[in-house]
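So you can see what is in the structure, the chains are spelled out below.
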Amino acid sequence: MTTTLFEYFDPISSKQWKQKIQFELKGADYNETLIWNSPEDIKVKPFYHADDCTKTFAISKQTTPFKICQNIFVFDVEKSIERALDAVARGAASLRFTIEDSNIDMERLLEKLPIESIPVYFHFDFI
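Residues numbered from 1 in each chain as written. Predicted model: local features only at pLDDT ≥ 70, side-chain atom pairs only at ≥ 80, totals over all residues. Heavy atoms only, no water.

1. What about the layout of surface pockets?
So, point 1. In this model, the largest pocket occupies a volume close to 160 Å³.
So, point 2. Forming the walls of the largest pocket are Phe-6, Phe-9, Asp-10, Pro-11, Ile-12 and Trp-17.
So, point 3. Split into classes, the residues belonging to the lining of the largest pocket amount to five nonpolar, no polar and one charged. (1 Å grid on protein atoms, 1.4 Å probe; cavity = no way out; pocket = protein on both sides within 12 Å on 5 of 7 lines; lining within 4 Å. Points joined across faces, edges and corners; volume = space filled by probe spheres on them. Nonpolar A, V, L, I, M, F, W, Y, C, P; charged D, E, K, R; others polar.)

Here it is as C-alpha coordinates:
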(Lines give C-alpha, C1' and ligand atoms only; values in the text may rest on other atoms or scores of the structure.)
Protein backbone atom coordinates (compact mmCIF):
# COMPACT_ATOMS: atom_id res chain seq x y z
CA MET A 1 0.00 0.00 0.00
CA THR A 2 1.50 3.30 -1.08
CA THR A 3 0.33 6.56 0.37
CA THR A 4 1.85 9.98 0.04
CA LEU A 5 1.96 12.70 2.62
CA PHE A 6 0.00 14.94 0.26
CA GLU A 7 -3.13 12.92 0.96
CA TYR A 8 -3.19 14.31 4.52
CA PHE A 9 -3.32 17.96 3.43
CA ASP A 10 -6.04 19.95 1.75
CA PRO A 11 -5.07 21.35 -1.66
CA ILE A 12 -4.17 25.04 -1.65
CA SER A 13 -4.51 27.32 -4.68
CA SER A 14 -1.81 29.67 -5.86
CA LYS A 15 -4.07 32.57 -4.84
CA GLN A 16 -4.11 31.28 -1.25
CA TRP A 17 -0.31 30.92 -1.25
CA LYS A 18 0.10 34.48 -2.53
CA GLN A 19 -2.30 35.83 0.12
CA LYS A 20 -0.31 34.07 2.84
CA ILE A 21 2.96 35.44 1.48
CA GLN A 22 1.53 38.98 1.30
CA PHE A 23 0.39 38.66 4.91
CA GLU A 24 3.89 37.55 5.95
CA LEU A 25 5.46 40.49 4.07
CA LYS A 26 3.70 42.88 6.50
CA GLY A 27 2.91 45.56 3.95
CA ALA A 28 5.94 45.18 1.66
CA ASP A 29 5.10 45.00 -2.03
CA TYR A 30 5.04 41.37 -3.27
CA ASN A 31 6.25 42.21 -6.80
CA GLU A 32 9.08 44.52 -5.71
CA THR A 33 10.22 42.32 -2.82
CA LEU A 34 10.08 38.80 -4.17
CA ILE A 35 10.02 38.85 -7.97
CA TRP A 36 13.45 39.28 -9.52
CA ASN A 37 14.91 39.27 -13.03
CA SER A 38 17.39 36.61 -14.08
CA PRO A 39 20.41 37.57 -16.23
CA GLU A 40 18.31 36.45 -19.21
CA ASP A 41 15.64 39.01 -18.19
CA ILE A 42 13.15 36.37 -17.05
CA LYS A 43 10.88 37.32 -14.17
CA VAL A 44 11.38 34.71 -11.45
CA LYS A 45 8.59 34.27 -8.92
CA PRO A 46 9.12 33.02 -5.35
CA PHE A 47 6.94 29.95 -5.99
CA TYR A 48 5.22 28.14 -8.82
CA HIS A 49 1.96 26.25 -8.57
CA ALA A 50 0.05 23.86 -10.80
CA ASP A 51 -2.55 26.65 -11.26
CA ASP A 52 0.11 28.58 -13.21
CA CYS A 53 0.39 25.81 -15.80
CA THR A 54 -2.70 26.46 -17.87
CA LYS A 55 -0.86 26.25 -21.19
CA THR A 56 0.44 23.10 -22.76
CA PHE A 57 3.76 23.19 -24.50
CA ALA A 58 4.94 21.09 -27.39
CA ILE A 59 8.48 19.90 -27.01
CA SER A 60 10.51 19.61 -30.14
CA LYS A 61 12.28 16.35 -30.73
CA GLN A 62 15.18 18.22 -32.25
CA THR A 63 17.64 19.04 -29.53
CA THR A 64 21.07 20.52 -29.43
CA PRO A 65 23.74 18.82 -27.41
CA PHE A 66 24.33 20.12 -23.92
CA LYS A 67 27.48 22.24 -23.65
CA ILE A 68 29.35 23.15 -20.50
CA CYS A 69 30.22 26.80 -19.90
CA GLN A 70 32.56 27.41 -16.97
CA ASN A 71 32.14 30.72 -15.18
CA ILE A 72 35.35 32.13 -13.72
CA PHE A 73 35.44 35.12 -11.38
CA VAL A 74 38.56 37.13 -12.22
CA PHE A 75 40.39 38.65 -9.29
CA ASP A 76 43.88 37.23 -9.76
CA VAL A 77 44.66 36.92 -13.48
CA GLU A 78 47.17 34.06 -13.10
CA LYS A 79 44.79 31.97 -10.99
CA SER A 80 41.98 32.69 -13.44
CA ILE A 81 44.13 31.47 -16.33
CA GLU A 82 44.89 28.26 -14.40
CA ARG A 83 41.19 27.73 -13.65
CA ALA A 84 40.23 28.35 -17.28
CA LEU A 85 42.84 25.92 -18.63
CA ASP A 86 41.77 23.31 -16.07
CA ALA A 87 38.10 23.78 -17.00
CA VAL A 88 38.85 23.34 -20.70
CA ALA A 89 40.97 20.25 -19.96
CA ARG A 90 38.04 18.77 -18.01
CA GLY A 91 35.56 19.34 -20.84
CA ALA A 92 34.26 22.91 -20.68
CA ALA A 93 33.01 23.92 -24.13
CA SER A 94 33.12 27.66 -23.38
CA LEU A 95 34.34 30.09 -20.73
CA ARG A 96 32.60 33.05 -19.10
CA PHE A 97 34.73 35.52 -17.18
CA THR A 98 33.13 37.72 -14.54
CA ILE A 99 35.24 40.84 -14.08
CA GLU A 100 34.59 43.51 -11.46
CA ASP A 101 37.79 45.55 -11.88
CA SER A 102 38.33 47.66 -15.00
CA ASN A 103 42.11 47.43 -14.45
CA ILE A 104 42.29 43.69 -15.20
CA ASP A 105 44.83 42.99 -17.96
CA MET A 106 42.57 41.38 -20.58
CA GLU A 107 45.41 40.67 -22.99
CA ARG A 108 47.33 38.71 -20.34
CA LEU A 109 44.14 36.90 -19.32
CA LEU A 110 43.50 35.64 -22.85
CA GLU A 111 47.00 35.06 -24.25
CA LYS A 112 47.38 31.44 -22.99
CA LEU A 113 43.79 30.36 -23.62
CA PRO A 114 42.56 28.47 -26.69
CA ILE A 115 40.22 31.27 -27.76
CA GLU A 116 40.37 30.13 -31.39
CA SER A 117 38.61 26.86 -30.55
CA ILE A 118 36.14 27.74 -27.77
CA PRO A 119 33.76 30.66 -27.22
CA VAL A 120 34.71 33.12 -24.49
CA TYR A 121 32.12 35.38 -22.86
CA PHE A 122 32.54 38.30 -20.49
CA HIS A 123 30.39 39.74 -17.74
CA PHE A 124 31.70 43.16 -16.71
CA ASP A 125 30.32 44.12 -13.31
CA PHE A 126 32.12 47.47 -13.36
CA ILE A 127 30.05 48.76 -16.29
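2. Focus: unusual backbone geometry
Excluding glycine, a negative phi dihedral is what most residues carry, and trans is how most peptide bonds are arranged.
So, point 1. Even without a glycine there, the phi angle at Lys-26 is positive, about 50°.
So, point 2. On the secondary structure map, Lys-26 appears in the loop between α1 (14-24) and α2 (30-34).
So, point 3. Since its relative accessible area comes to 74%, Lys-26 is described here as exposed.
So, point 4. For Asp-41, which is not glycine, the phi dihedral falls at a positive 65°. (Helix = DSSP H or I, 4+ residues; strand = E, 2+ residues; numbered from the N terminus. Buried < 20%, exposed > 50% of the residue type's maximum accessible area, 1.4 Å probe, protein only.)

3. A word on helix α3 (residues 77-89)
In an α-helix, one turn spans 3.6 residues, which is why side chains three or four residues apart end up on the same side.
So, point 1. For α3, which comprises 13 residues, the first-to-last C-alpha distance of 18 Å matches the rise-based estimate of 18 Å (1.5 Å per residue) to within 8%.
So, point 2. Every buried residue of α3 is accounted for by Val-77, Ser-80, Ile-81, Ala-84 and Ala-87. Viewed along the axis of α3, the buried residues span an arc of 130°, placing them on a single side of the element. Along α3, the residues that are exposed and aim more than 90 degrees away from the buried face are Glu-82 and Ala-89. (Expected span 1.5 Å × (residues − 1). Arc of directions from axis to C-beta.)

4. Topic: the pattern of salt bridges
So, point 1. This structure, assessed with the given rule, holds three salt bridges.
So, point 2. Among the salt bridges present, the one from Arg-108 reaches Glu-78, with a minimum N-O distance of 3.0 Å. Of this pair, Arg-108 sits in helix α4 (residues 106-110) while Glu-78 is found in helix α3, placing the two residues 30 residues apart along the sequence.
So, point 3. Judged by its relative accessible area of 33%, Arg-108 falls in the partly exposed class.
So, point 4. Asp-86 is the partner of Arg-90 in a salt bridge, and the nearest nitrogen-oxygen pair spans 2.8 Å.
So, point 5. Among the residues examined, Arg-90 registers a relative accessible area of 61% and is labelled exposed. (Salt bridge = Lys/Arg side-chain N within 4 Å of Asp/Glu carboxyl O.)

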